Amino acid sequence: MTRNDAPDDMLATVRKPVAHDSARLHVQGGATYVDDIREPAGTLHLAPGLSTVARGKILSVDLSAVRAAPGVVAVLAAADIPGKNDVAPAFADDPLFAEHEVIFHGQVIFAVVAQTRDAARRAATLARVEIEPVEPAVTIDAAIARGVTVLPDYDFGRGDASAALAAASNRLSGRFEIGGQEHFYLEGQVALAIPGEAGDLLVHSSTQDPTEVQHVVARVLGCPDSHVTVETRRMGGGFGGKESQANQTAALAALAARVTGRPCKLRLDRDDDFMITGKRHEFRADWSVGYDADGLVSAYDVQLDARCGCSADLSTGVVDRAMFHAANAYYLPDVAVRSRRLRTDTVSNTAFRGFGGPQGMLAMERVMDAIAHATGRDPLDVRKANLYAPGRDLTPYGMKVEETDTLPALIERLEQTSDYRARRAAIAAHNAGQPLIRRGIALTPVQFGISFTLVHMNQAGALVHVYQDGSIHLNHGGTEMGQGLFVKVAQVVAEEFGVPLDWVRITATNTAKVPNTSPTAASSGSDLNGMAARIAAGAIRGRMAQVAADMWGIAPDGVTFREGRVFGGNESISFRDLARRARESRVQLSEAGFYKTPRLDWDRAKKTGRPFLYFAYGAACSEVAVDTLTGEMRVTRVDILHDVGRSLNPAIDIGQIEGGFVQGMGWLTTEELVYDDKGRLRTHAPSTYKIPVASDVPDDFRVDLFDNVNREDTIYRSKAVGEPPLMHGISVFCAIVDALHGLAPDRQTPLDAPATPERILFAVQALKS
Amino acid sequence: MTLDVDTSRRPGPDGPIVRSAIRFRFRGRDVEVSAFAPRTTLLDWLRIEQGAVGAKEGCGEGDCGACTVMLVRRNGGDVSYAPVNACILLLGQIDGAELVTIEDLATGDALHPVQEAMVATHGSQCGFCTPGIVMSLAALHETAPEPPARAAIRDQLAGNLCRCTGYKPIVEAAVQAGVRGAQPSRWTGLADAPRRDLLVGDDAQFFAAPADMDSLAAFYLAHPDATLLAGGTDVGLWITKGLKDLRKIIWLGHVAGLADIADGAASLRLGAGVDLARAMPHLGAIHPDLGEVMRRFGSAQVRASGTVGGNLANGSPIGDLAPCLIALGATLELRRGAQTRTLPLEDFFLDYRKQDRQAGEFVVAVTIPKLGARDRFCAFKVSKRLDEDISAVLAAFKFEVVDQRIGAARMAYGGMAGVPARARSAEGFIIGARLDDEKTWRGGLTALGLDFTPLSDQRASAAYRSLVARNLLLKALMEMRGAPLQDTRIAPPREAVS
């Protein structure tokens, strides 16, 4: 048995519910975010100047009044860029500054650099920009009519879906619209750029991808990557919104620092942040399903149309992931999954927790409900009948699902603990009287593929030092956005050295310490960085063990590390003394660890191979009450059972599950992005864009971890947890559908997402008519 | 005593008659600040001037609560502990208070009970909202007489957005932290709260706080171009979002008598300066629905700062108080110089954001008749999110019912027009209707379509507003007929369920 498979009681730090490393700082306001860093003397502040038109040709830009405004030091536009006017992550289609044309409302045209942030913001309002507007394409329909995409169409599937549909004994089809979502990280985009000697630049950035910020800053400044160091201690939330979207803010601050020679900071105003940065993709699913009398699916065809906005950004991966999750947890014998990446004249949509997966999955769950309603079976029974099973275990993209036993067992358990059947009967009785307040319940599963689907991104590095006093410096390429990555990796390192957790000093992510990293995304943070850190710590421990073994004349594999001491034979030495001894023996106490995920070989062009190392599983059961006179809705009880393998830290994991669920619930209920016909986002602040508050979360909210072990050799057999729980929010949407369905049992429930009071009430009206 | 710019430095027997510096208690010391731009926000003062970066800016509009700090004020023998949004509170508004920020809570290594509990329950993830959440809960910890119920905790947190945790561990932390109870508070406010006019600045640029009504009347008449500032929950956004360069600000927070409450048998008179938190129990006593509208009004932070007069005087078409009070038949009292006048509240709202208020005139009070024995009342707030959201539609109904027959009727709506307004046609049709005969309701229900042509915006479409307006009248009639609230309400008023 390797240490990776050790039972919990043999582990001192890993699998323990220890607090977030910054918890005591958080509660005292002592945790430093970028805007809290004490500004170097002479720091200047930026404010961006935004397009007030969605699409058009820039005729003239008169910035003279801006330059003349009090406190203004410089005004920057495209002509001031020494390198490339490009902050895009992949396809060179996101300019730092709009130059000849604007492609969305809120696009940055110029930036003011002033003595104070207030002066910069006020000066920015004085610009006179003339734009010849063009009628913008705002909606999915407008984009389809215009026929312009940001990336080529893509599809995969198996068998002949059309023939199988034609042959099916029962068929249903429908269209389902799925809204986008604003990240609403509490800390908005922010960066502080501090110039050094000879063109060096240090950028403090609130980013999930410091390496990407480094590339982009170097590209904009026209300098080598080696001149730019990016540091990220923590973010006040990311959720995917700081994967590529931190680039522009950092590049603006960096350019200002280069031009003025002074430290420069940009912290976006919240309304600007809403307008400038991308969101979760809005989708439309046009689906057809064939099934038998029991609801067993024989064929599925889905067209996923994504509203990508004005550029490609990460839409390759986002829409691919929607396609990968179009089956959710169900076997679809003959299947076609097709997609279009539509271009609209709106802000470019981007990564958001789940990365397209939630949209593909939600469409499938709507289909399961539709089948249940058409067959008259309980939706849970239809779902259970269609789950992957031995012999029915191939995904639409050809990967074999090896762990087919987990989800049925998990659902079975949740069905019991949530008392699903009895509650469904009670709800049916309640609704039978056609009450004004209807109730609904749904139990929905999640099967989420873990790994970046772009294979080369599945790599990570870590840097570990042991100092002579036995204290340990930990650094890795992962970033901390609140998800508890840093404490999890520190637990792994403390376990490796057998020392108390507080001997491991967690340090800020820094491109000068660990280079060429991948973004902290795709739920991969602890899988990748935990492994890299353990490899680094393990190498040092091995060398220290050799020092002890030599000292005691025993074999190094007889040396153990625990409780801050090192043992071998009848001897022991403190970890600290051994560190000093190693140094004196000229043994290296520093190591860079590197890890790459095994088994991945997805080939997008050939549509073959394995995109995921494993799947994370879970299921949620939600109950709701709906007011049929107003469309208002309340969630009254939620039960979640979730599979994190063997948890690295159950407290952190439960926090991810609870928070992910609530975020997913918000996406599908109160969070509504409203664009007007001119392409202007009308919901650009928390006054108009409504994320859940405390009272939206029911008192009766039960969350448990499913007893499981990752069959893949992941860090301490844990499973990734960042994204999958978000999709438990789907249970709320399906519960609302369940509540309404009884109004017209023979019809599909016409409800699109998000289920705002307005959409719910109109669905009620439609079903009653 | 009259506040007058020309005499602002005039010495009196006990020093200058007019104070020229704000005074407050901060970090255990009494502090005076005399030079500041009138529109300086408290959050900018803390973060930029003081380098106290514990309070965060999440939105700059008082909606997310990351900037929450606590203001401790003495009012006679009472001490109040109010959570406020520092991002839209102006620095001048802390005059006379003790300012408590997140940096003040721990003593050495010993965390405040709320902080301790937040660590124990894993109540922080990214940590950015955490200082504000801790301050909101610290205020609750100070004031709650007994361990608060979860519902009360959630109310306290309505103005604190957290995007990471899902709130469950935070609510749990508030339960665990308990209350201060009989222990003496560490924060007792500023001794000898000032009762003299305040004027910081000069003729061109000032932050003024008159100490009494006469002084306010005279000063405002002399400076009709000044901005009247009550709680700042709207004016603050003119600065942080509208980037208005407000140079002349008259703050109403110290005007003697302006925050008086007279709760009599027949009517309730609320001074314009009464904050919404203080008004809440008095309004709730008139009818539980009114209490529920107030519970859902903004957030604890907004209710602690925002005032009755401010909510009415800014003339928002979706202000929640106006339609409720119009339905109840409230009258508004205004003053300009020495002249006072009263008018029915509905007549105050002339057009979108245009009120019947002349230059130099200000709202003094609103008087709300209490419900008679025959009066039935219902109020409903419908919004995208239940708590801390601006209404799509707010409806309030007062019907006089005798033997199941509706006699007099007052129906008022917010969100249905450019101003909060009565549904006069529908009122005409509903008079004479019988609660026990649904057929007689139809005229009123249909006539609502004549009363309003609502707009579509990001909160709701015109069609939804019209349909909900009608359905709320239907719901009111069903309830007045006797339908139990648990059958008609998705979230019954707190008092009705407890």
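Residues numbered from 1 in each chain as written. Chains lettered and ligands numbered in written order. Predicted model: local features only at pLDDT ≥ 70, side-chain atom pairs only at ≥ 80, totals over all residues. Heavy atoms only, no water.

1. Overview of the overall build of chain A
At step 1: Looking only at helices and strands, chain A features 19 helices and 27 strands.
At step 2: Its C-alpha radius of gyration of 27 Å places chain A within 12% of the 27 Å reference for a compact globule of 769 residues.
At step 3: A principal-axis box enclosing the C-alpha atoms of chain A has dimensions of 80 × 75 × 50 Å.
At step 4: Going through the 769 residues of chain A one by one, you find that 66% of them count as buried. (Helix = DSSP H or I, 4+ residues; strand = E, 2+ residues; numbered from the N terminus. Rg over C-alpha atoms; globule rule 2.2 N^0.38 Å. Buried < 20%, exposed > 50% of the residue type's maximum accessible area, 1.4 Å probe, protein only.)

2. Quick word on the interface of chain A and chain B
At step 1: On the chain B side, the residues contacting the 81 residues of chain A number 80 residues.
At step 2: Where chain A abuts chain B, roughly 6500 Å² becomes buried across the two surfaces, and 57% of that area is made up of carbon and sulfur atoms.
At step 3: Contact with chain B buries area across many residues of chain A, yet Val27(A), Arg122(A) and Leu186(A) alone supply 11% of it, more than any other trio.
At step 4: The tally of links from chain A across to chain B stands at 13 salt bridges. (Contact = heavy atoms within 4.5 Å. Buried area = accessible area lost by both parts, 1.4 Å probe. Salt bridge = Lys/Arg side-chain N within 4 Å of Asp/Glu carboxyl O.)

3. Quick notes on the pairing of strand S10 (residues 201-205) of chain A
Put simply, side chains in a regular strand alternate between the two faces of the sheet.
Residues and elements named next belong to chain A.
At step 1: Burial within S10 is extensive, with 4 of its 5 residues counted as buried.
At step 2: Pairing between strand S9 (residues 190-195) and S10: 5 bridges, direction antiparallel. Bridge pairing links proline 195 to leucine 201 in S10.
At step 3: Between S9 and the antiparallel strand that follows it, S10, lie 5 residues; alanine 198 among them carries a positive phi value of about 50°. (Pairing = 2+ DSSP bridges.)

4. A word on the pattern of salt bridges
At step 1: Counted by the stated rule, this structure contains 99 salt bridges over all chains.
At step 2: Residues Asp5(A) and Arg717(A) are paired through a salt bridge, measuring 2.5 Å at the closest nitrogen-oxygen approach. Residue Asp5(A) is found in the segment before helix H1 (23-28), and its partner Arg717(A) is found in the loop between strand S27 (701-705) and helix H18 (730-741); the two are separated by 712 residues along the sequence.
At step 3: For the salt bridge of Glu346(B) with Arg410(B), the shortest nitrogen-to-oxygen distance reads 2.9 Å. Of the two residues, Glu346(B) is situated in helix H13 (residues 345-348) and Arg410(B) in strand S21 (residues 405-414); the sequence distance between them amounts to 64 residues.

5. A short note on the domain arrangement of chain B
Residues and elements named next belong to chain B.
At step 1: Under the domain assignment, chain B is made up of domain 1 (31-193) and domain 2 (374-498).
At step 2: Spacing between the C-alpha centres of domain 1 and domain 2 amounts to 37 Å.
At step 3: Facing 7 residues of domain 1, the contacting portion of domain 2 comprises 4 residues.
At step 4: Here domain 1 meets domain 2 over a buried area of about 420 Å², counting both sides, of which 36% is carbon and sulfur.
At step 5: At the boundary of domain 1 with domain 2, the tally comes to 0 salt bridges.
At step 6: In this structure, the connection of domain 1 to domain 2 is made through 0 residue pairs in polar contact (both at pLDDT 80 or more).
At step 7: For the side of domain 1 that touches domain 2, a count of residues per class yields 3 nonpolar, 2 polar and 2 charged. (Domains from an automatic or database assignment. Polar contact = N/O pair within 3.5 Å; in protein donor to acceptor, adjacent residues only side chain to side chain. Nonpolar A, V, L, I, M, F, W, Y, C, P; charged D, E, K, R; others polar.)

6. Brief notes about the sheet that holds strand S15 (residues 339-344) of chain B
Residues and elements named next belong to chain B.
At step 1: Read across the open sheet, the 5 strands follow the order S12-S13-S18-S14-S15; overall the sheet is antiparallel. In the strand order of this sheet, the two ends are held by strand S12 (261-263) and S15, each with one partner. Averaged over all adjacent pairs, the angle separating strand axes in this sheet is 20°, with direction ignored.
At step 2: Here helix H8 (residues 276-286) sits on the sheet in contact with S12, strand S13 (267-271) and strand S18 (361-369), set at roughly 165° to S13. (Axes fitted to C-alpha atoms, helices over the stretch in contact; angles between N-to-C directions.)

7. Points about the packing of helix H14 (residues 485-497) of chain A against helix H15 (residues 525-552) of chain A
Residues and elements named next belong to chain A.
At step 1: Running from amino to carboxyl end, H14 crosses H15 at an angle of 25°, the nearest separation of the two axes being 9 Å. When the interaxial angle is binned, H14 and H15 end up roughly parallel. Of the two possible hands of crossing, H14 and H15 adopt the one that is right-handed. Taking contact as the criterion, the partners of Leu485, Lys488, Val489, Val492, Val493, Glu496 and Phe497 in H14 are, on H15, Gly525, Ser526, Asn529, Gly530, Ala533, Arg534, Ala537, Gly538, Ile540, Arg541 and Met544.
At step 2: By residue class, the composition of the contact of H14 with H15 is 9 nonpolar, 5 polar and 4 charged. (Parallel < 35°, antiparallel > 145°, perpendicular 65-115°, else oblique. Left-handed = near helix turned anticlockwise from the far one by under 90°.)

8. Some words on the sheet that holds strand S7 (residues 149-158) of chain A
Residue and element names in this part refer to chain A.
At step 1: An order of S7-S15-S14-S13-S8 is seen for the 5 strands of this open sheet, with the pairing classed as mixed. In this open sheet, the two strands that pair with only one neighbour each are S7 and strand S8 (170-178). In this sheet, neighbouring strand axes are inclined to one another by 10° on average, regardless of whether the strands run parallel or antiparallel.
At step 2: Note: S8 against strand S13 (residues 282-291), 9 bridges, orientation antiparallel. Paired with serine 173 across the two strands is serine 288, which belongs to S13.

9. Concerning helix H16 (residues 575-584) of chain A
All names here are of chain A.
At step 1: Residues Phe575, Leu578, Ala579 and Ala582 constitute the buried set of H16. For H16, the angular spread of buried residues about the axis comes to 105°, placing them on one side. Along H16, exposed side chains directed more than 90 degrees from the buried face belong to Arg583 and Glu584.
At step 2: Trailing H16 by a residue or two, arginine 586 shows a phi angle of about 60°, which is positive. (Arc of directions from axis to C-beta.)

10. Concerning the packing of aromatic side chains
All names here are of chain A.
At step 1: All told, the structure shown has 31 aromatic pairs over all chains when counted by the stated rule.
At step 2: Measuring from ring centre to ring centre gives 6.0 Å for phenylalanine 184 and phenylalanine 274, while their planes differ by 55°; the resulting arrangement is tilted. Placement of the pair is phenylalanine 184 in the loop between S8 and S9 and phenylalanine 274 in helix H8 (residues 270-276), with a sequence separation of 90 residues. Residue phenylalanine 184 shares its accessibility class with phenylalanine 274, and that shared class is buried. (Phe/Tyr/Trp six-rings, centres within 6.5 Å; stacked < 30°, edge-to-face > 60°.)

11. Quick notes on the environment of Ala90(A)
Residue and element names in this part refer to chain A.
At step 1: Relative to the helices and strands, alanine 90 resides in the loop between strand S3 (72-76) and strand S4 (101-102).
At step 2: Residue alanine 90 is classed as exposed on the basis of its relative accessible area of 52%.
At step 3: Separated by 226 residues in the primary sequence, alanine 90 and threonine 316 place their C-alpha atoms 9.9 Å from one another.

12. Side note on unusual backbone geometry
At step 1: The step from Ala753(A) to Pro754(A) runs through a cis peptide bond, and the omega angle for that step is 0°.
At step 2: Even without being a glycine, Glu388(B) presents a positive backbone phi close to 45°.
At step 3: On the secondary structure map, Glu388(B) appears in the loop between strand S19 (375-382) and strand S20 (393-402).
At step 4: We classify Glu388(B) as buried; its relative accessible area is 4%.

13. Description of the pairing of strand S14 (residues 331-336) of chain B
Residues and elements named next belong to chain B.
At step 1: Note that S14 and S18 share 6 bridges and pair antiparallel. Its bridge partner lying in S18, leucine 334 is registered against valine 363.
At step 2: Relative to S15, S14 runs antiparallel, the two being bridged by 6 bridges. Along S15, the bridge assignment pairs leucine 334 with arginine 341.
At step 3: Linking S14 back to S15 in an antiparallel pair, the connection comprises 2 residues, with glycine 337 at a positive phi of about 60°.

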